[in-house]
Amino acid sequence: MADEKKDPELPTPPEAAADKPPSASPAEPLKGEVSRTDSPGAGVSAAAPAKPRTEPPAPKPDNPAAARPAAPPPKVPPRVAPKPGAEAAAKPEHKPAVASAPAGPPDPPPPADIAAPVFIMRLHDALPGAVTQLSYWVGDWTIIVPAGRLLDVGRFLRDDPATSFDFCSDVTASDWPPRPQRFDVVYCLYSTRLRHRVRLKVRAGEGDPVPSVTSIWPAANWLEREVWDLFGVHIVNHPDRRRILMPEEWQGHPQRKDYPLEGPGELLMESPLDWLRIRTAQDTRDIE
Amino acid sequence: MLDTVVIPLLKILILLNGVLIAVTYMVLLERKVIAWVQVRLGPMRVGPYGILQPIADAVKLMVKEDITPTRADKWVFTAAPIIVIVPALIVFAVIPFGDQVDLFGRTVSLYVTDINVGLLYIVSVASIGVYGIILGGWASNSKYPLLASLRASAQLISYEVAVTMTLVSLIVVAGSLSMVQIVRAQQDAHVWFVFLQPVAFVLYFIGGLAETNRAPFDLPEAEQELTGGFHTEYSGMRFALFFLAEYANMIVVSAVATTLFWGGWLRPFPSIQVAPLAWLGLVPGWIWFLAKTFVFLYVFLWVRATLPRYRYDQLMRLGWKVLIPLAIANLIVTGFVKVLL
Amino acid sequence: MFDTDELVINMGPQHPSTHGVLRVVLKLDGERVVDSDVVIGYLHRGIEKLSENRDWTQIILLTDRMDYVAAATNNLGYCETVEKLMSLEVPRRARYIRTILAELQRIASHCLWLGTHAMDIGAMTVFLYAFRERELILDLFEEYCGARLTYNSMRIGGLPLDISPGWDKKVREFCTIMDEKVDDYEQLLTNNRIWLERTRQVGVISGPEAVAIGLSGPALRGSGVARDLRKDEPYAAYDEFEFDIPLGGAGDTYDRYLVRLEEFRQSVRIVRQALDGLPSGPIIGKVPRLIKPPAGETYHAIEAPKGEIGYFIVSDGKSTNPYRFRVRPPSFCNLQALPRLIKGHLVADVVALIGSLDIVLGEVDR
Amino acid sequence: MAEAIAFYALSVLILGFAILVVSTRNTVHSVLFLVLNFLCVAALYVTLGAEFLAVIQVLVYAGGIVVLYLFVVMLVNLKRPPETHQDPRRQTLTGFVLAGLVLGELVAIAVYSALPPTPTGGVASVQGGNVERVGYALYVDYLIPFEVASMLLLVAMIGAIVLAKKEL
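Residues numbered from 1 in each chain as written. Chains lettered and ligands numbered in written order. Predicted model: local features only at pLDDT ≥ 70, side-chain atom pairs only at ≥ 80, totals over all residues. Heavy atoms only, no water.

Would you mind going over the overall build of chain D with me for this structure?
When helices and strands are tallied, chain D shows six helices and zero strands. Starting at the N terminus, the α and β elements of chain D follow one another as α-α-α-α-α-α. Put simply, chain D has 168 residues, and 21% of those count as buried. If you take every contact in chain D between residues at least 6 apart in sequence, the share linking residues at least 24 apart comes to 51%. As displayed, chain D has an accessible area near 12700 Å², and 73% of this comes from carbon and sulfur atoms. (Helix = DSSP H or I, 4+ residues; strand = E, 2+ residues; numbered from the N terminus. Buried < 20%, exposed > 50% of the residue type's maximum accessible area, 1.4 Å probe, protein only. Contact = heavy atoms within 4.5 Å. Areas by Shrake-Rupley, 256 points an atom, 1.4 Å probe, with all protein chains shown as cover.)

Just checking my understanding: could you explain the domain arrangement of chain A for this structure?
Quite often, the size of an interface is put as the accessible area lost when its parts meet. By the assigned domains, chain A splits into domain 1 (118-245) and domain 2 (258-288). Here domain 1 of chain A and domain 2 of chain A have C-alpha centroids that lie 38 Å from each other. (Domains from an automatic or database assignment.)

Honestly, the nonpolar core in this entry has me stumped. Any pointers?
Formed by 119 residues in total, the largest nonpolar core has its most connected members in Phe92, Ile95 and Leu260 of chain B. With residues near it in sequence (within four places) discarded, Leu260 of chain B still touches Leu119, Leu167, Leu170, Met179, Ile182, Gln186 and Phe193 of chain B. One finds Val145 and Leu189 of chain A together with Tyr299 and Leu353 of chain C within the second-largest nonpolar core, a separate group that totals 92 residues. (Core = buried A, V, L, I, M, F, W, Y, C linked by side-chain atoms within 4.5 Å.)

Got a minute to help me understand the sheet that holds strand β6 (residues 324-328) of chain C in this structure?
Sheet strands associate in pairs through backbone hydrogen bonding, adopting either a parallel or an antiparallel arrangement. Residues and elements named next belong to chain C. Taken in spatial order, the three strands line up as β4-β5-β6 in an open sheet, and their pairing is antiparallel. Edge positions in the sheet fall to β4 (296-304) and β6, since each of these pairs with one other strand and no more. Strand-to-strand twist of the sheet, defined as the mean angle between neighbouring strand axes without regard to direction, takes the value 15°. Relative to strand β5 (residues 307-315), β4 runs antiparallel, the two sharing nine bridges. Directly across from Ala304, in β5, lies its bridge partner Gly307. (Pairing = 2+ DSSP bridges. Axes fitted to C-alpha atoms, helices over the stretch in contact; angles between N-to-C directions.)

Teacher, can you tell me more about the interface of chain D and chain B here?
Counting residues at the interface gives 25 residues for chain D and 23 residues for chain B. Across the interface of chain D and chain B, roughly 1900 Å² is buried in total on both sides, 82% from carbon and sulfur atoms. Linking chain D with chain B are zero salt bridges, by the criterion used here. If you look at where chain D meets chain B, you find three residue pairs in polar contact (both at pLDDT 80 or more). Broken down by class, the residue content of the side of chain D that touches chain B amounts to 18 nonpolar, six polar and one charged. (Buried area = accessible area lost by both parts, 1.4 Å probe. Salt bridge = Lys/Arg side-chain N within 4 Å of Asp/Glu carboxyl O. Polar contact = N/O pair within 3.5 Å; in protein donor to acceptor, adjacent residues only side chain to side chain. Nonpolar A, V, L, I, M, F, W, Y, C, P; charged D, E, K, R; others polar.)

What is the right way to read a nonpolar patch on the surface from this model?
Residues and elements named next belong to chain B. A contiguous nonpolar surface patch, about 1100 Å² in accessible area, is contributed by Ile21, Tyr25, Leu41, Met44, Tyr49, Ile51, Leu52, Ile55, Val59, Met62 and Val63. Listing elements by their share of the nonpolar patch, those giving two or more residues are α1 (2-37) and α2 (53-63). If one sorts the elements of the nonpolar patch by residue count, α2 sits on top with four residues. (Patch = residues over 30% accessible without salt bridge, like charges linked within 9 Å, V, L, I, M, F, W, Y side chains within 5 Å.)

Before we go on, may I ask you to explain the sheet that holds strand β2 (residues 140-145) of chain A in this structure?
All names here are of chain A. Pairing in this open sheet of five strands is mixed, and the strands run β1-β2-β5-β4-β3 from one edge to the other. Looking along the sheet, the strands with just one partner apiece sit at the ends: β1 (133-137) and β3 (167-175). Strand-to-strand twist of the sheet, defined as the mean angle between neighbouring strand axes without regard to direction, takes the value 25°. With five bridges joining them, β1 and β2 adopt antiparallel strand pairing. By the bridge assignment, Ser135 is partnered in β2 with Thr142.

Could you clarify how one ought to interpret the side chain of Arg199 of chain A in this entry?
For Arg199 of chain A, the location among the structural elements is in strand β5 (residues 197-204). Setting aside chain neighbours within four positions, we find Arg199 of chain A in contact with Asp140, Trp141, Thr142, Ile143, Val186, Tyr187 and Cys188 of chain A together with Glu297, Thr298, Tyr299 and Phe312 of chain C.

Even after reading the chapter, I still don't get helix α5 (residues 124-145) of chain C, so can you show me in this structure?
Because each turn of an α-helix spans 3.6 residues, side chains separated by three or four positions in sequence point in the same direction. Over its 22 residues, α5 of chain C extends 31 Å from the first C-alpha to the last, a length consistent with the 32 Å expected when each residue adds 1.5 Å. All buried positions along α5 of chain C are accounted for by Met124, Thr125, Val126, Tyr129, Ala130, Glu133, Arg134, Ile137, Leu138, Leu140, Phe141 and Tyr144 of chain C. Those residues of α5 of chain C that are buried are in contact with α1 and α12 (285-306) of chain B together with α3 (71-86), α4 (92-120) and α6 (167-189) of chain C. Immediately beyond the C-terminal end of α5 of chain C, within one or two residues, lies Gly146 of chain C, with a positive phi of roughly 90°. (Expected span 1.5 Å × (residues − 1).)

Please clarify how the interface of chain C and chain A should be interpreted in this entry.
Listed as interface residues are 48 residues of chain C and, on the opposing side, 53 residues of chain A. Summed over both sides, the interface between chain C and chain A buries roughly 4100 Å², with carbon and sulfur atoms accounting for 55% of that surface. When residues of chain C are sorted by the area they lose upon contact with chain A, Lys49, Glu297 and Tyr323 of chain C head the list and together hold 18% of the total. On inspection of chain C and its partner chain A, the count reaches ten salt bridges. For Arg195 of chain A, the salt bridge is made with Asp232 of chain C, and the minimal N-O distance between the two is 3.2 Å. Put simply, chain C and chain A have 29 residue pairs in polar contact (both at pLDDT 80 or more) between them. Among the elements that line the side of chain C that touches chain A, the one with the most residues is β4 of chain C, at five residues. Grouping the amino acids of the side of chain C that touches chain A by side-chain chemistry returns 22 nonpolar, nine polar and 17 charged.

Explain the pattern of salt bridges here, please?
Working definition: two side chains of opposite charge can pair if their charged atoms are close together. For the structure shown, the criterion picks out 61 salt bridges over all chains. Glu52 of chain C is paired through a salt bridge with Lys257 of chain A; the nearest N and O atoms lie 3.2 Å apart. Of the two residues, Glu52 of chain C sits in the loop between α1 (47-51) and α2 (58-64) while Lys257 of chain A sits in the loop between β7 (235-236) and α10 (265-270), which places them in two different chains. What makes Glu52 of chain C buried here is its relative accessible area of 3%. Connected through salt bridges with shared partners, the residues Asp170, Glu226 and Lys257 of chain A together with Glu48, Glu52, Arg324, Arg326 and Arg366 of chain C form a single ionic network.

Help me out: how do you make sense of the pairing of β2 of chain A in this one?
Two faces make up the sheet, and in a regular strand the side chains alternate between them. All names here are of chain A. Counting buried positions along β2 gives six out of six residues, so the element sits mostly inside the fold. Residues Asp140, Thr142 and Ile144 of β2 are buried on one face, and the alternating residues Trp141, Ile143 and Val145, pointing to the opposite face, are buried as well. Counting the residues between successive antiparallel strands, the hairpin from β1 to β2 contains two residues, one of them, Val138, with a positive phi of roughly 35°. Bridge count for β2 against β5 is four bridges, and the pairing is parallel. Residue pairing for β5: Thr142 is matched across the bridge by Arg199.

It is not clear to me how the packing of aromatic side chains should be interpreted in this structure. Could you clarify?
Aromatic ring pairs are reported here in terms of the distance separating the ring centres and the angle at which the planes meet. By the definition in use, this model includes 40 aromatic pairs over all chains. On the basis of an interplanar angle of 65° and a centroid distance of 5.5 Å, the ring pair of Trp222 of chain A and Phe332 of chain C is categorised as edge-to-face. One end of the pair, Trp222 of chain A, is in helix α9 (residues 220-231); the other, Phe332 of chain C, is in helix α12 (residues 330-335), on a second chain. The same class applies to Trp222 of chain A and to Phe332 of chain C, which are both buried. For the ring pair Phe205 of chain B and Phe296 of chain B, a centre distance of 5.9 Å and an interplane angle of 40° mean the geometry is tilted. Here the residue Phe205 of chain B occupies a position in helix α8 (residues 198-211), and Phe296 of chain B occupies one in helix α12, the gap between them amounting to 91 residues. (Phe/Tyr/Trp six-rings, centres within 6.5 Å; stacked < 30°, edge-to-face > 60°.)

Teacher, can you tell me more about the packing of helix α4 (residues 118-139) of chain B against helix α3 (residues 51-75) of chain D here?
Each packed pair of helices is defined by two parameters, the angle between the axes and the distance between the axes. Across the interface, α4 of chain B lies against α3 of chain D with an axial gap of 9 Å and an inter-helix angle of 20°. Viewed along their axes, α4 of chain B and α3 of chain D adopt a mutual orientation that is roughly parallel. Note that α4 of chain B runs across α3 of chain D; the crossing there is left-handed. Packed against α4 of chain B, whose contacting residues are Leu120, Tyr121, Val123, Ser124, Ser127, Ile128, Val130, Tyr131, Ile134, Leu135 and Trp138 of chain B, the element α3 of chain D presents Phe52, Val55, Ile56, Val58, Leu59, Tyr61, Ala62, Gly63, Val66, Val67, Leu70 and Met74 of chain D at the interface. (Parallel < 35°, antiparallel > 145°, perpendicular 65-115°, else oblique. Left-handed = near helix turned anticlockwise from the far one by under 90°.)

What is the right way to look at the environment of Ala212 of chain C in this model?
One can find Ala212 of chain C in helix α8 (residues 207-212). A relative accessible area of 24% means that Ala212 of chain C is categorised as partly exposed. Spatially, the C-alpha atoms of Ala212 of chain C and Ala337 of chain C are 10.0 Å apart, while their sequence positions differ by 125 residues. Non-local contacts of Ala212 of chain C, meaning those with residues more than four positions away in its chain, are made with Asp166, Trp217, Pro218 and Ala219 of chain A.

When you look at the confidence of the model for chain A in this model, what are you seeing that I'm missing?
The predicted coordinates of low-pLDDT regions are not to be read in fine detail. Considering every residue of chain A, the mean pLDDT works out to 66; 60% of them sit at 70 or more. Note on residues 1-99 of chain A: pLDDT is under 50 here. Beyond four places in sequence and across chains, it has 112 contacts. (pLDDT = per-residue confidence, 0-100.)

I'm lost on the pairing of β5 of chain A in this one. Help?
All names here are of chain A. Of all the eight residues making up β5, eight are buried; the element is thus mostly covered by neighbouring parts of the structure. Burial along β5 is two-sided: Arg197, Arg199, Lys201 and Arg203 and Val198, Leu200, Val202 and Ala204, pointing in opposite directions, are all buried. As defined by bridge partners, strand β4 (residues 183-190) adjoins β5 across eight bridges and the pair is classed as antiparallel. Residue pairing for β5: Leu189 is matched across the bridge by Val198. Adjacent in sequence and paired antiparallel, β4 and β5 are bridged by six residues, among which Arg195 carries a positive phi angle near 60°.

Okay, here's the thing in structure tokens:
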């Protein structure tokens, strides 16, 4: 229902989402995701309507098709399954730089012979349904949670004696443009008492509110500012959400995949000579 | 005419030039001494072992552009370095470098003048120098210099109290305010006053370090905190004046310490006339004076190379809660002893 | 009657003791800091973005440029992360030499810290003494890899070069020198009354608070939290050596100073053990010609001189460059604590505390 | 002759600086003129043979008190012009009253100095300077008034601290 409401406001800037109470807006996509874990089909239908909001930065004519494989993979799929589809859909309509961009991290599920550590069991018991997906790769555990449950999960992980993740090592993000929820916001947690690590992952689209975890780990303050600055992930309830590395008046968010590496993006790709001419002219103008 | 005008003028000329050269070489000495402490060589390029470095520095400072910030108070900005350097130089008038000597068949005293309130004169003239610092910081119209000049003046005033208090107990012992008379009193007492007033000497030297803004009390110029201090906005020769004044003040503090506490131009054991010590008498008095002063100057540099810097509140606490009470206690004890003996 | 105005002072970006281009806006009441704001980004070169467009090996020399006073540690962290991603086995000899390099680097970085920190507090001689020893380490590095600052000293799967003959002897000589010199530093500072007054009870932060605000490395251990990744999550060859983790008690600047001084000694100890047990064998493992880790992501952290340096790297399994390259810079996270530490202190303490956190702006801004 | 020239030159300077003190717009400048004024007064004392007084004048007034003035002037923002009072004649009136008082004082001094000098007020240039003389005058001849005055100053100082610092 919230999805239909959001549909008309197509090129919503991040601010529009901020108007909504943070508790209300993430609830809906989140419900979709939870259901998706049960039946993949439901996930597709939930993801598709949400898609248009993610589009403004990288205009793509149509892509329900792209959106479908881009949806976060279901809980126990074969790892390679969603990817070929994603490539096929993404390739034609993307800039060369990101042409081969995959639609998302593989997030492989834990192999059967490795038991989930205690803290994940505890989390399952304490907050049933909060974990969308569990992933294990080269020894790292990743818990994927919906944005709406992030604070609950975070608080539980910090406070429960069996988890006690009191140290927030890092907050960062990665950008997967073809996916409707293009951002993975990653929280690397560590326990100074039990000395274990886990990663929390939240998926968010352009303008989707991601609650700030500064109330749980004050250390996340600058890290979240950096995520906002470099990715434009819409972090809400942050005590001091300013840009941190880039100048205050900077346009765009440089760490996104569709942000050009140098110069005025497209022109450089299409005709480097023109671009060079323009840049030289600009330089001389600056000098004068 | 010769005695009243020409000779004093000649003395002033020699003294001023001597002091200015000493000050520039003081800068070189500082660089060298600190370099040696720090296992470096120091300036080595200009002249053998860098001994011509001061000349190169002087030329550099002279030809540098002299910048006055646009928003500065021009008159005050210009006057401040002058206000700093003049008191630092005129203090030398009353410092006795030696006793009377016979020169070209004429008895000449090795000091410009001996006024009967010489010590007070030094203290009061030195207190004028603080204006230059306050005004320099204020006239720059810039925050760091202002902050530094406030620090500097507060520091100078507080330590001036302590130093003056300390000197009073020395005056009680010496019974005179004249610098020459104080040295003579040490001869008459057969002992340098440092042995009668050890506490006063320590207090005086600490206060002297603070009054000359030297480490560990160099907060007004702490470049790590205030980017350079009250003279941040100064350049070229005006900056050099501040710089020279600081070193001239160091020489003044050392010379005064020598005169008051370490017997001025007197040789060690001034009144023991035994054969093994006779060679001490062969060295002229002014050499003794300069040698003693040099030792103190060396201590100044040594301290700078060794100690970290105090913080502002700790500096004030040291001044008001340690030095001044000690100075007053010392004065009271001295007074009692003087009356009872 | 007289209302006092708060004075706003801009410390930096050009300021002698901000260790680079850091800008701290201080709101002062007299000389006391009422409020502060740390402005960074002046040295932002987009190393993360750049790395996502360079191939896996080229990135090693970009990591040199982050914490440029501890380049070898950065190399180590990155290479280990990629090795983890590719499940590569690193030969034992390479791991030993890596440990030696990382510990020498820690000593060099701490030397730089000690020098600048003491200089900030006004003890200028310590600066030159510390740099004298750092110079010896730079010579060792120069002999090892030819560079003195940005070493590019490791490769994915091992090392580019074996040590030259006689190098280990020189390192041993250096260890002997260093042991003496640390005592020298201590003699100059540890019991110096002014030093004590300037550092004790300055910038106190309790253990739990330090953990919450994300401090790591010596800054965290100064508050008494026993967290050292060399022990907790051993990497390279650290699990084969014996060493202690110095801890502070009060969590003030003095404790952080003591912790780092003790780390000098512990590092020397590790280097000695590594030299004693240096195994023979290859210096690089079986690395494919084209490095292309399978799709997946990982976070791997090691103990840099300044704290936990972590790399979060995502590989898409197809391209020769990482899909996402992220560094968790210890200086950045430690610097975050600065406003909390300096509040209520004097301007002079701000300088002491910036030094006490041991930041390098190349890493803060990347 | 030379003394007379020095006296008149110094007097001109003193009066000139005094006028500048009240006429300068910039407060810091006016404080600076005050310092110059004090220094000239000190010079005047020297010509009178009262070196001790001269040095004390410099030490206490120029070196101490005016520095505090300067502090206040620099720290308190005096850039804004003083508000004009409702009744412009009010200041004139106060001015006249003060001027009258000063005139009365001058007349009194003139009358007093016309009297033959008392023996104690003789020239203080005895051998050994006038430090001893001042000492005797303060601590022997006028001990009680001196102590009373110092008590008064102490009370004033404590009072000022109490007033300025609300919480001790």
